[in-house]
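Results of the structural survey
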Amino acid sequence: MSDIRVGVIGVGHLGKIHAKLLGQVAGAKLAGVVDPMREAREQVATDLGTTAHADHTTLLGHIDAAIIATPSRLHHAVALDLLRHGIHVLVEKPITLSIGDADELIAEANARRLVLQVGHVERFNPALVAAAPHVCEPKYIDGVRSSPFTCRSTDIGVVLDLMIHDIDVVLSLVADELVSVQALGAAVFGPNEDWAQARLTFAGGCVANLSASRVAWQPQRGMQIVCADAVAALDFATRKAKLMRPSETILAGELDVNALTPAEKTHLKDHLFSEYLPLADLPTIETNALLEEQRELVGAIRGEGAVRVSGQDGRRALDVAERILAEIAAHRWDGANDGPIGPRFEDRQAVLRGPHWQQAFRAATRRKAG
């Protein structure tokens, strides 16, 4: 079978990485890159020895699949056009900005028997891959995802930008129906929320607390998963995982701490994580999650298996994200300076977006000075 010809639509921070990695995917060939910014597309095309395009339509007929790494607001329109032209699609998260748009992509892919994969890349993180077999029927999940402000993805808020990664991970681990959502959040730089906290409750009793911020001074990407017989701690950034399993004595409820002698209490403290609550590093396989995602796309196109994160999975994560955003919008705070999504740190004009924000800022400064 000939190589799968793949185009990368959008070569900003993430798209550029996708384009570079494709050279390592057996059975795939980078057939072109697309970006409206001439300098960006031509630089990547020159570096990787491929063609540069201002619009994806000029690639039609020359590609079998596409990776969409455009701003989120363009996901639906670009993906739908590609699918209608018989092209398999890997679209970065979120799949779209509305459930209706996601449904349209899923229906189009199904009707044409095309692969529709969504870029929830943490599913390929070695930490999650190592821990997943050990965390059956979670009872409590705590996820924290934060970073300093990067000026990227400003067309969406932190729920669709960062938290949706952990939403997808939780949904992959908890099979029960989501029955309750509580959330709050607030904007710092613009109309979209920059930090958010959500509490998800499932029919079986599992509770997931998710926190996300893109205005944090300390970057974090971690998750703790508590089960009846184990606790897993995942560090998505270092791609490491730990597992703690209570001893048989603890599980059977046979240890009465209050009945222990002073010497026995000292022994317990000294051997807490070796004898009573044994803690161990889980073996992980060093892989590149984005590269594995691309390999799975090519394999699915060749009929070698289904993708791990389907369009339907992307829709499920988006549905929960929409419920969280609705709760954030409905939340009201004390004080007179409340906005539609919580208190603002100060009154300011609409967010300045994209590559033109510096010019807009200078123009606003000049207006104030005048």
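Before going into details, it helps to say that this report is about the structure given with it.

Calculation criteria
Residues numbered from 1 in each chain as written. Predicted model: local features only at pLDDT ≥ 70, side-chain atom pairs only at ≥ 80, totals over all residues. Heavy atoms only, no water. Axes fitted to C-alpha atoms, helices over the stretch in contact; angles between N-to-C directions. Helix = DSSP H or I, 4+ residues; strand = E, 2+ residues; numbered from the N terminus. Left-handed = near helix turned anticlockwise from the far one by under 90°. Contact = heavy atoms within 4.5 Å. Nonpolar A, V, L, I, M, F, W, Y, C, P; charged D, E, K, R; others polar. Salt bridge = Lys/Arg side-chain N within 4 Å of Asp/Glu carboxyl O. Buried < 20%, exposed > 50% of the residue type's maximum accessible area, 1.4 Å probe, protein only. Phe/Tyr/Trp six-rings, centres within 6.5 Å; stacked < 30°, edge-to-face > 60°.

Geometrically, a packed helix pair is captured by the angle between its two axes and the distance between the axes. Viewed as axis vectors pointing N to C, helix α1 (residues 13-21) and helix α10 (residues 289-301) meet at an angle of 65°, and their least axial separation amounts to 10 Å. Here α1 runs over α10; the crossing is right-handed. Taken together, the residues of α10 that come into contact with α1 (itself represented by Leu14, Ile17, His18 and Leu21) are Leu290, Leu291, Glu293 and Gln294. The residue inventory of the contact of α1 with α10, partitioned by class, reads five nonpolar, two polar and one charged.

All told, the structure shown has 21 salt bridges when counted by the stated rule. Of the charged contacts, one joins glutamate 104 and arginine 84 as a salt bridge, the two residues approaching to 3.5 Å between their closest N and O atoms. Placement of the pair is glutamate 104 in helix α4 (residues 99-112) and arginine 84 in helix α3 (residues 75-84), with a sequence separation of 20 residues. Across the salt bridge formed by glutamate 286 and lysine 240, the nearest N and O atoms sit 3.6 Å from each other. Of the two residues, glutamate 286 is situated in the loop between β14 (279-281) and α10 and lysine 240 in strand β13 (residues 240-244); the sequence distance between them amounts to 46 residues. The partly exposed category is assigned to lysine 240, whose relative accessible area is 43%.

So, about the packing of aromatic side chains. What the rule picks out here adds up to one aromatic pair. Here phenylalanine 149 and phenylalanine 189 contribute two aromatic rings whose centre-to-centre distance is 4.3 Å and whose plane-to-plane angle is 35°, an arrangement assigned as tilted. Of this pair, phenylalanine 149 sits in the loop between β7 (140-146) and α6 (158-173) while phenylalanine 189 sits in the loop between β8 (178-186) and β9 (195-202), placing them 40 residues apart in sequence. The exposure class of phenylalanine 149 is partly exposed, given its relative accessible area of 28%.

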